[in-house]
Structures are given as structure tokens and as C-alpha cells.
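# Tertiary structure, described
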Amino acid sequence: IQNSQRSRLGYNNFVSAFRSAGLLAGSLFVISIKKTNDIYNALESRCYNGEFNFIGREYKFSPFNIVFIVTISVLLILINIFCGGVI
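Description of the structure in this document. All values derive from a computational prediction rather than experimental measurement. (Residues numbered from 1 in each chain as written. Predicted model: local features only at pLDDT ≥ 70, side-chain atom pairs only at ≥ 80, totals over all residues. Heavy atoms only, no water.)

Given 3.6 residues per helical turn, the α-helix brings residues three or four places apart onto the same face. In a regular helix each residue adds 1.5 Å, so 32 residues correspond to 46 Å; helix α2 (residues 14-45) covers 47 Å between its end C-alpha atoms and thus fits that length. What α2 keeps buried is the set Ala17, Ser20 and Leu24. Buried-residue contacts for α2 involve α1 (2-7). Trailing α2 by a residue or two, Cys47 shows a phi angle of about 60°, which is positive. (Helix = DSSP H or I, 4+ residues; strand = E, 2+ residues; numbered from the N terminus. Expected span 1.5 Å × (residues − 1). Buried < 20%, exposed > 50% of the residue type's maximum accessible area, 1.4 Å probe, protein only. Contact = heavy atoms within 4.5 Å.)

Here you go:
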């Protein structure tokens, strides 16, 4: 919307810029209200009861994974230093 306003010289002077900014804000507000209503209707059609349920993941830190990541990182840094910044 702002690109089309600029192409029609909507920001040529202070008055037209103020008017164009107001029209832009108004149209963005209307678009956001419509999208919010669509999302709400989609949630209602799926029996939304006011809360989202997610399956949680438990992350376990393995000493092997930490040593592996550190080793690979050190190797990549050494290759970068000795090869003159190839990687």
C-alpha cells in the first residue's frame, strides 16, 4: 500500500504524507481485524476452549554430544586458521 501511495506522490508534502499515513494505518487495522476474525473462526471450528496444548520435549544433555560438538568446532577453527580462511 505504501509503495502505491509513493508512486502516486502520496508523500509529496506534509499534508499528503499525513493523509497517506492515516489511510495506510486505517487499512492495516482493517486487514488485521479481518485476519484475526478468520483465525478465531478457524480455532472455533476446531473446538478451541481458550488454551493451547503442546506436547513438551525433555532435552537431555549427553557428555558425548558436548565433547563431539566442541571437538568439531575446534577442528573447524583450526582448519580456518591454517588454511587462510577458506571456511
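Relative to the helices and strands, Gln5 resides in helix α1. Assessed through its relative accessible area of 9%, Gln5 is described here as buried. Within the structure, Gln5 has its side chain in polar contact with the side chain of Tyr11 (distance 2.7 Å). (Polar contact = N/O pair within 3.5 Å; in protein donor to acceptor, adjacent residues only side chain to side chain.)

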